[in-house]
Amino acid sequence: MSATQPAPAGPAGPAAAHPGGPHPAAYAPGSPVATVPVHLTADLPRGAIWAPGVMGRAWREYGYLFLALLIAPFAFAYAVVAVVLPPSVAITVVGLFVAGWVVVGGRMWAALYRGMARGMLGTSIAAPMPRRRRRGFWRRLGVLLGDAPGWRGVAFGALSLPLAIVGFVVPTTFLAVALGGTTHWFWYRWLPLQEASDGTLHRGASFGTDYFIDTPPRQWILIAVGLLAFLAWHRLTLGFAHLFRLLSTSLLGPTASSLRVAHLEQTRGTAVTDADTRLRRIERDLHDGTQARLVAVAMQIGDARDRLAHEPGADPATVGLLDEAHGALKDTLTELREIARGIHPPALDNGLAVALETLAARSPVPVTVDVDLAAARPAPEVETIAYFAVAELLTNVVRHSGATGAYVRVEADGGALWLRVRDDGRGGARLGLPGASGGSGLAGLADRVATVDGELDVDSPVGGPTVVTVHLPLSAR
């Protein structure tokens with residue numbers, strides 16, 4: 001939507017009522033990110049200066065130019081600090097975090113200018129995408145120093161100073177001329193007498209040495225000049241305000257690429273959730289439908305075998321075939337249960353803690369499970385990913401580590417789910433190598449975790465122990 005598209009609600013309507021932009025919940029889970037307008041301008045009064053609302057708009061935008069001039073020196077000084085500070089403290093490394101937070105502070109300047117644009121220019125600008133939080137020293141530092149919305153806010157502060165000076169001084173000059181010209185006929189009589197080159201005395205504004213505004217025709221000319229200056233003030237005020245409007249919509253809102261990324265992340269989260277729902281439905285259908293019918297068939301074959309075996313003159317070959325069919329069907333049922341469990345473990349219906357306890361009980365290596373989800377319970381699709389992550393890691397422990405035991409810790413903290421699997425094996429696992437301790441699966445596990453913006457970290461020195469940490473969001477959306 002363009003910056004000049006009208007909104008039926010007007011400048012005080014719903015689009016202008018939210019401090020963060022036209023849609024404060026635009027980036028909430030499940031919201032249609034791709035359809036949110038980046039900026040929205042109300043249907044502003046236009047036309048001649050005597051048209052309803054036109055002068056009110058002009059004075060409101062003139063007030064914006066005045067307020068921008070008052071703030072601009074501070075914003076410019078902040079921009080200078082933001083640019084100069086990172087290279088100045090780079091040698092300390094830790095000081096770069098201070099510089100990074102200065103950059104992120106540009107978001108607050110951007111929020112201030114968005115509020116001014118919404119209240120005084122009639123333009124509501126959506127807030128940029130929330131800042132991503134990363135794990136690790138260098139990642140956090142990179143996110144802070146590379147915060148694009150913060151840098152755009154800093155850039156706006158730097159550019160606003162020259163524009164604010166010109167944008168206020170030029171219209172104000174024309175406004176002073178307008179006020180002086182239209183009222184000169186009243187206050188000129190209190191001006192001191194001035195002597196012309198011919199020795200005559202005059203009272204009034206002078207242009208040169210011999211031209212004085214002290215006669216009615218000249219007063220009317222000056223009034224006309226004042227009215228023209230007032231019209232010029234009106235147009236200049238709207239023009240400079242529109243320049244600020246264009247600069248604001250260009251720098252203070254989200255970029256089209258960031259909205260696209262947010263939309264792709266949202267659709268990816270929806271796809272992960274839908275896939276998990278479908279897998280749960282398939283598992284239920286296998287358990288309640290196919291598996292139940294196979295159990296009934298197995299019972300019927302077993303019953304037929306037993307009856308035929310007790311019949312006089314029964315053919316042993318036929319009895320043997322029925323016995324083989326009964327055994328094969330039981331093996332098929334066992335395989336089907338394993339397939340259903342691989343699709344979606346039924347134990348997950350009772351929560352992640354119960355599912356992990358069941359998984360640990362089936363492990364040939366002693367496993368201690370410690371689950372703390374008192375803070376928040378993850379979404380079902382995240383629980384599924386967490387379960388299979390632990391299952392894959394425990395499989396690697398059994399097959400490749402030579403460990404005598406393992407410890408699994410699961411906790412919800414800081415709006416995220418943390419999994420930690422530790423074993424006392426031989427170590428030496430690497431993400432680039434197949435498996436947690438030389439086997440296969442770590443690369444695939446990292447890919448599965450990444451589908452919900454999760455992270456996997458492996459700490460496995462040679463000789464052990466191996467500690468694999470998985471960080472997952474509480475929801476895929």
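Above this text sits the structure in question.
In this report, the structure presented in the accompanying data block is examined. What you are looking at is a predicted structure, and each value in this text was computed from that prediction instead of being measured. (Residues numbered from 1 in each chain as written. Predicted model: local features only at pLDDT ≥ 70, side-chain atom pairs only at ≥ 80, totals over all residues. Heavy atoms only, no water.)

## So, the overall build of the protein
Right, on to step 1. Across its full length, the protein carries 11 helices and 11 strands.
Right, on to step 2. Expressed as a percentage of the 477 residues in the protein, the buried residues total 42%.
Right, on to step 3. Partitioning the contacts of the protein with sequence separation of at least 6, the portion at a separation of at least 24 is 72%.
Right, on to step 4. Of the roughly 24,100 Å² that the protein leaves accessible, carbon and sulfur atoms contribute 65%. (Helix = DSSP H or I, 4+ residues; strand = E, 2+ residues; numbered from the N terminus. Buried < 20%, exposed > 50% of the residue type's maximum accessible area, 1.4 Å probe, protein only. Contact = heavy atoms within 4.5 Å. Areas by Shrake-Rupley, 256 points an atom, 1.4 Å probe, with all protein chains shown as cover.)

## A closer look at the packing of aromatic side chains
Right, on to step 1. Taken as a whole and assessed by the stated rule, the structure comprises 12 aromatic pairs.
Right, on to step 2. Here the aromatic rings of Trp59 and Trp233 are separated by 4.7 Å at their centres, their planes lie at 45 degrees, and the arrangement is tilted. Separated by 174 residues along the polypeptide, Trp59 in helix H1 (residues 54-89) and Trp233 in helix H6 (residues 216-251) bring together distant segments of the chain.
Right, on to step 3. Residues Tyr113 and Phe156 carry aromatic rings whose centres are separated by 4.5 Å and whose planes lie at 55 degrees to one another, so their mutual orientation is tilted. Residue Tyr113 is found in helix H3 (residues 106-120), and its partner Phe156 is found in helix H5 (residues 148-187); the two are separated by 43 residues along the sequence.
Right, on to step 4. By relative accessible area, Tyr113 is classed as buried at 0%.
Right, on to step 5. Taken together, Trp59, Tyr62, Phe66, Phe168, Phe230 and Trp233 form an aromatic cluster joined through their ring pairs. (Phe/Tyr/Trp six-rings, centres within 6.5 Å; stacked < 30°, edge-to-face > 60°.)

## Digging into helix H9 (residues 352-361)
Right, on to step 1. Looking only at H9, the buried set comprises Leu352, Ala355, Leu356, Leu359 and Ala360. Buried residues of H9, seen end-on, are gathered within an arc of 135 degrees and therefore sit on one face of the element.
Right, on to step 2. Next to the buried residues of H9 lie strand E7 (367-372), helix H10 (380-401), strand E8 (406-413) and strand E9 (416-423). (Arc of directions from axis to C-beta.)

## Digging into the packing of H1 against H6
Right, on to step 1. Contact geometry of H1 with H6 gives a least axis separation of 9 Å together with a crossing angle of 60 degrees. The angle between H1 and H6 falls in the class oblique. Judged by the sense of rotation from one axis to the other, the crossing of H1 with H6 is left-handed. Contacts from Val54, Met55, Arg57, Ala58, Trp59, Glu61, Tyr62, Tyr64, Leu65 and Ala68 in H1 reach Phe230, Trp233, His234, Thr237, Leu238, Phe240, Ala241, Phe244, Arg245 and Ser248 in H6. (Axes fitted to C-alpha atoms, helices over the stretch in contact; angles between N-to-C directions. Parallel < 35°, antiparallel > 145°, perpendicular 65-115°, else oblique. Left-handed = near helix turned anticlockwise from the far one by under 90°.)

## Description of the packing of H3 against H5
Right, on to step 1. Two elements in contact, H3 and H5, have axes whose closest approach is 7 Å; the angle formed by their N-to-C orientations is 60 degrees. Comparing their axes, H5 and H3 come out oblique. Considering the relative orientation of H3 and H5, their crossing is left-handed. Every residue of H5 that contacts H3 at Gly106, Arg107, Ala110 and Tyr113 is listed here: Pro149, Gly150, Gly153, Val154, Phe156 and Ser160.
Right, on to step 2. By residue class, the composition of the contact of H3 with H5 is five nonpolar, four polar and one charged. (Nonpolar A, V, L, I, M, F, W, Y, C, P; charged D, E, K, R; others polar.)

## Observations concerning the nonpolar core
Right, on to step 1. Within the largest apolar cluster, 38 residues are counted, with the highest numbers of intra-cluster contacts made by Leu417, Leu419 and Leu472.
Right, on to step 2. For this core, the secondary-structure elements that each account for two or more residues are H9, E7, H10, E8, E9, helix H11 (442-450) and strand E11 (466-473).
Right, on to step 3. The biggest single contributor to this core is H10, with 11 residues.
Right, on to step 4. The contact partners of Leu472, leaving out residues within four places of it in the chain, are Val382, Ile385, Ala386, Ala416, Leu417, Leu419, Val449, Val452 and Gly454.
Right, on to step 5. Counting 31 residues, the second-largest nonpolar core is a separate cluster that includes Ala75, Ala110, Tyr113 and Phe240. (Core = buried A, V, L, I, M, F, W, Y, C linked by side-chain atoms within 4.5 Å.)

## Observations concerning a nonpolar patch on the surface
Right, on to step 1. A cluster of nonpolar side chains, Phe76, Val80, Val83, Val84 and Trp151, forms an exposed patch at the surface whose accessible area comes to about 400 Å².
Right, on to step 2. With respect to the helices and strands, the residue Val80 is situated in helix H1. (Patch = residues over 30% accessible without salt bridge, like charges linked within 9 Å, V, L, I, M, F, W, Y side chains within 5 Å. Salt bridge = Lys/Arg side-chain N within 4 Å of Asp/Glu carboxyl O.)

This is a description of form; function is not addressed.
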